[in-house]
Amino acid sequence: NAGVTQTPKFRILKIGQSMTLQCAQDMNHNYMYWYRQDPGMGLKLIYYSVGAGITDKGEVPNGYNVSRSTTEDFPLRLELAAPSQTSVYFCASSLEDRGHYNEQFFGPGTRLTVL
Amino acid sequence: GENVEQHPSTLSVQEGDSAVIKCTYSDSASNYFPWYKQELGKGPQLIIDIRSNVGEKKDQRIAVTLNKTAKHFSLHITETQPEDSAVYFCAASIRSEYGNKLVFGAGTILRVKS
């Protein structure tokens, strides 16, 4: 299994540009998550999905959009990039039953700089 | 909403000594508390977790304790080695309309000096 894969690894955007961060998992996990990690600030949840077609906002959703059309893929869309979105983005997945938590598996991250 | 505080932000220990990282949480409904290790340039990886029905869990050199009354939990690493140097995150679970989420602490940079 490849686990959780993310592309690209690095990206530089200009203010106002848009892009999609790709995330895929091959573990047949139902839950998928997007986090951002700012220096010294830990991980903040942007959006998450509990299955195909179902997504919900996390702590910091403004400026982002997501979709989940398949179990495997969970892309994150930035429509109008701003310097405040400069961060490292991590995708994660887990196999969950309601009320019972399991390990979240993280991808290697995408480092995004907005200039 | 849930708030998780983690201390210290940085910790330096001599090889062979013990390291302790502490976290507090605010939501009394939280019932799952994982610890993640993040090495430079990589994504976080689970090292140990504890559920609210137990007070302590051990796995070789690492252990986690949970005090639900005081709403705090701690990570203990004994006989530290240089390869333990990394950033460590605690987290606490929260329930939402659609399912399970985690709230993470800000992280602790652990440096093990040889």
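Cut-offs used in this document
- Residues numbered from 1 in each chain as written.
- Chains lettered and ligands numbered in written order.
- Predicted model: local features only at pLDDT ≥ 70, side-chain atom pairs only at ≥ 80, totals over all residues.
- Heavy atoms only, no water.
- Helix = DSSP H or I, 4+ residues; strand = E, 2+ residues; numbered from the N terminus.
- Rg over C-alpha atoms; globule rule 2.2 N^0.38 Å.
- Buried < 20%, exposed > 50% of the residue type's maximum accessible area, 1.4 Å probe, protein only.
- Contact = heavy atoms within 4.5 Å.
- Areas by Shrake-Rupley, 256 points an atom, 1.4 Å probe, with all protein chains shown as cover.
- Polar contact = N/O pair within 3.5 Å; in protein donor to acceptor, adjacent residues only side chain to side chain.
- Pairing = 2+ DSSP bridges.
- Axes fitted to C-alpha atoms, helices over the stretch in contact; angles between N-to-C directions.
- Disulfide = S-S within 2.5 Å.

A.B. asks: Please explain the overall build of chain B as it appears in this structure.
C.D. replies: Helix and strand counts for chain B stand at zero helices and 11 strands. Going from the N terminus to the C terminus, chain B shows its helices and strands as β-β-β-β-β-β-β-β-β-β-β. On C-alpha atoms alone, chain B measures out to a radius of gyration of 14 Å, which is about the 13 Å that the 2.2 N^0.38 rule sets for 114 residues. The buried share of chain B, reckoned over its 114 residues, is 46%. Within chain B, residue pairs in contact and separated by at least 24 positions form 54% of the contacts whose partners lie at least 6 positions apart. As displayed, chain B offers around 5600 Å² of accessible surface, 46% of which is attributable to carbon and sulfur atoms.

A.B. asks: In this structure, what is going on with the overall build of chain A? I would like to understand it.
C.D. replies: Scanning chain A from N- to C-terminus turns up zero helices and 11 strands. Compactness check: chain A gives a C-alpha radius of gyration of 13 Å against a globular reference of 13 Å for 115 residues, within 12% of the reference. Projected onto the principal axes, the alpha-carbon positions of chain A cover approximately 40 × 25 × 25 Å. Burial analysis of chain A (115 residues in total) assigns 47% to the buried set. Expressed as a percentage of contacts within chain A between residues at least 6 apart in sequence, the contacts between residues at least 24 apart total 56%. For chain A, the exposed surface amounts to about 5400 Å²; the carbon and sulfur share of it is 53%.

A.B. asks: Please explain the side chain of B:Gln38 as it appears in this structure.
C.D. replies: Within the secondary structure layout, B:Gln38 lies in strand E4 (residues 32–38). Within the structure, B:Gln38 has its side chain in polar contact with the side chain of A:Gln37 (distance 2.9 Å).

A.B. asks: How should I be thinking about the pairing of strand E9 (residues 86–95) of chain B in this particular structure?
C.D. replies: On a regular strand, one side chain projects to one face of the sheet and the next to the other, so that they alternate. All names here are of chain B. When you tally the buried positions in E9, you get eight out of 10 residues, the bulk of the element. Examined bridge by bridge, E4 and E9 share four bridges and lie antiparallel to one another. Along E9, the bridge assignment pairs tryptophan 35 with cysteine 90. In this sheet, strand E11 (residues 108–113) lies alongside E9 in antiparallel orientation, the contact comprising three bridges. Along E11, the bridge assignment pairs alanine 86 with leucine 110. For E9 and strand E10 (residues 100–104), the ladder comprises five bridges, and the chain directions are antiparallel. When the bridges of E10 are listed, alanine 91 appears paired with phenylalanine 104. Hairpin connection between E9 and E10: a loop of four residues separates the two successive antiparallel strands, and glycine 99 in this loop has a positive phi of roughly 155°.

A.B. asks: I keep staring at the sheet that holds strand E1 (residues 4–7) of chain A and nothing clicks. Help me out?
C.D. replies: By definition, the strands of a sheet pair up through backbone hydrogen bonds, in either a parallel or an antiparallel sense. Residues and elements named next belong to chain A. Strands sit in the order E1-E3-E8-E7 across an open sheet of four strands; the sheet is antiparallel. Of all the strands in the sheet, the pair left with one neighbour each is E1 and strand E7 (64–66). When the angles between neighbouring strand axes are averaged without regard to direction, this sheet yields 20°. One ladder, built from four bridges, connects E1 with strand E3 (residues 19–25); its direction is antiparallel. In the sheet register, threonine 5 faces E3, and the bridge partner there is alanine 24.

A.B. asks: For this particular structure, what's the right way to read the sheet that holds strand E8 (residues 72–77) of chain B?
C.D. replies: Residues and elements named next belong to chain B. Taken in spatial order, the five strands make up an open sheet running E1-E3-E8-E7-E6, and their pairing is antiparallel. Only two strands of the sheet have a single partner each, and these edge strands are strand E1 (4–7) and strand E6 (56–59). Strand-to-strand twist across the sheet, computed as the mean angle between neighbouring axes with direction ignored, equals 15°. Summarising the sheet, strand E3 (residues 19–25) and E8 pair through six bridges and their orientation is antiparallel. Paired with lysine 22 across the two strands is serine 74, which belongs to E8.

A.B. asks: Would you take a moment to explain the pairing of E8(B) for this structure?
C.D. replies: All names here are of chain B. Both strand E7 (residues 62–67) and E8 contribute to a ladder of six bridges, which runs antiparallel. Residue pairing in the sheet places leucine 66 in a bridge with phenylalanine 73 of E8. Between E7 and E8, which pair antiparallel in sequence order, lie four residues; one of them, lysine 71, sits at a positive phi of approximately 60°.

A.B. asks: Just to check I follow, could you spell out the state of the cysteines for this structure?
C.D. replies: Note: disulfide means a covalent bond formed between the sulfur atoms of two cysteine side chains. Here the structure, examined in full by the defined rule, presents two disulfides over all chains. Linked covalently through their sulfurs, A:Cys23 and A:Cys91 form a disulfide whose S-S length is 1.8 Å. With the S-S bond torsion at -70°, the cross-link from A:Cys23 to A:Cys91 turns out left-handed. In this pair, A:Cys23 sits in strand E3 while A:Cys91 sits in strand E9 (residues 87–94), placing the two residues 68 residues apart along the sequence. For A:Cys91, a relative accessible area of 0% translates into the label buried. Covalently, B:Cys23 is tied to B:Cys90 through a disulfide, its sulfur atoms 1.9 Å apart. Around the S-S axis, the bridge from B:Cys23 to B:Cys90 shows a dihedral of about -100° and counts as left-handed. Within this pair, whereas B:Cys23 is found in strand E3, its partner B:Cys90 is found in strand E9, the two being separated by 67 residues in sequence.

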